[in-house]
Amino acid sequence: VRKAGLLEFVDVDLDLDDVGGLQNLKRWLSKRNNSWLAEAAEYGIPAPKGVLMTGIPGCGKSLTAKAVAAAWELPLLRLDIGKVFAGLVGSSEQNMRSAIRTAEAAAPCILWLDEIEKGFSGLSGDGDSGTSSRVFGSFLTWMQEKTTPVFVIATANKVDRLPPEFLRKGRFDEIFFVDLPTRLERRDIWSLHLSKRLQRSKAANLDISESLLDTLADVTEGYAGAEIEQAVVAALFDAFADRRQLKDDDLVRSIRNMVPLSVTQAEEIA
Ligand code: ATP
């Protein structure tokens, strides 16, 4: 990983087509590209600021951030918010300023603020609410006034931990809620991961039929994309362990052996 101060350059080798479901988000992003970032002002439209994606872990927020960078052919710089607040008291604001300077120096680029709720949860030494609002207040002001082509993607698991100024209209160009996949989206995700993995697997004699995809989508209600991917890997592992071809049953079994995070979390709350 290449580091630049508090930021790291993330390598990406995928595209928006590698993201299953999330049609609205993908449509919004695919209508835009890096020339929008560079030329908006010449067309009399507001300069792009960025998007906020929030929602359940493992449903494709990070994947989308990477896919946008790949589709727009821009470097992706990731900022771990925890690190901004991890230093001495008073240094958080300086850390954020320096991260912004680094991103501006790398422009045109995408600045990805990952897990922004970490800045508000009080988990970090310097993360009291006064500091948080100063740090993010100056960040949001920069975002609105910036003239350099830096597109911000902010991701957060818990929208209820975010202060209202993040959600106010006019801050981000758009806010997307990345929820657990619907049946159709799960079908899409199964199909993506199966074809990707089977392409390079010696256990690949499986026919990814429409009816198999229907069954798999049916049995994975409540499962996140990351869990579907995990199930494909687990099934392939079983086939590998027995030195045989992958069967439909392996996939269904690996799903039955897995309790989805959404259920674990619901049980914790209850
Ligand atoms: P977290 O908040 O935990 O980082 P996230 O929403 O950012 O979660 P990702 O990191 O994007 O989730 O997902 C993890 C992996 O799960 C991805 O790399 C991808 O392989 C798979 N995955 C998740 N959602 C999707 C999706 N919609 N389409 C295809 N694959 C997916």
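Residues numbered from 1 in each chain as written. Predicted model: local features only at pLDDT ≥ 70, side-chain atom pairs only at ≥ 80, totals over all residues. Heavy atoms only, no water.

Q: I'd like to hear about the pairing of strand E6 (residues 150-156), residue by residue, with values.
A: The element E6 is extensively covered by neighbouring structure, given that 7 of its 7 residues are classed as buried. Both faces of E6 are covered, namely the face carrying Val150, Val152, Ala154 and Ala156 and the face carrying Phe151, Ile153 and Thr155. (Buried < 20%, exposed > 50% of the residue type's maximum accessible area, 1.4 Å probe, protein only. Helix = DSSP H or I, 4+ residues; strand = E, 2+ residues; numbered from the N terminus.)

Q: Got a sec to walk through the site of the ligand? Specific residues and values, please.
A: By nearness alone, 17 residues border the ligand, and Gly20, Gly58, Ser62, Asn157 and Glu229 come closest of all. Gly60 places a polar main-chain atom, nitrogen or oxygen, 3.1 Å from an oxygen atom of the ligand. Residue His193 places a side-chain N or O atom 2.9 Å away from a nitrogen atom belonging to the ligand. Considering the ligand on its own, with 620 Å² of exposed area, one finds that the protein chains cover 81% of that surface. Only helix H3 (61-71), helix H8 (183-199) and helix H10 (225-241) provide two or more residues apiece to the shell around the ligand. Looking at the shell around the ligand residue by residue, the class counts come to 7 nonpolar, 7 polar and 3 charged. (Near = heavy atom within 4 Å. Polar contact = N/O pair within 3.5 Å; in protein donor to acceptor, adjacent residues only side chain to side chain. Areas by Shrake-Rupley, 256 points an atom, 1.4 Å probe, with all protein chains shown as cover. Nonpolar A, V, L, I, M, F, W, Y, C, P; charged D, E, K, R; others polar.)

Q: Describe the pattern of salt bridges, naming the residues involved and giving the relevant values.
A: Enumeration over the complete set of coordinates arrives at 14 salt bridges. The partner of Arg78 in a salt bridge is Asp114, with the nearest N and O atoms 3.0 Å apart. Residue Arg78 is located in strand E4 (residues 76-80), and its partner Asp114 is located in strand E5 (residues 109-114); the two are separated by 36 residues in the primary sequence. With relative accessibility at 17%, the residue Arg78 sits in the buried group. For Asp114, a relative accessible area of 10% puts it in the buried group. Of the charged contacts, one joins Asp218 and Arg183 as a salt bridge, the two residues approaching to 2.6 Å between their closest N and O atoms. Of the two residues, Asp218 sits in helix H9 (residues 210-218) while Arg183 sits in helix H8, which places them 35 residues apart along the sequence. (Salt bridge = Lys/Arg side-chain N within 4 Å of Asp/Glu carboxyl O.)

Q: Outline helix H6 (residues 129-145), supporting the account with residue identities and numerical values.
A: A rise of 1.5 Å per residue sets the reference length of H6, with its 17 residues, at 24 Å; its end C-alpha atoms lie 24 Å apart and thus fit the reference within 8%. Next to the buried residues of H6 lie strand E3 (50-54), helix H4 (81-84), helix H5 (91-106), E5, E6 and helix H7 (164-167). (Expected span 1.5 Å × (residues − 1). Contact = heavy atoms within 4.5 Å.)

Q: Lay out H3 with the relevant residues and their values.
A: For H3, the complete set of buried residues consists of Lys61, Thr64, Ala65, Ala67, Val68, Ala69 and Ala70. Those residues of H3 that are buried lie in contact with helix H1 (23-30), E3, E4, E5 and E6. One or two positions beyond H3, positive phi appears at Glu73, with a value near 50°.

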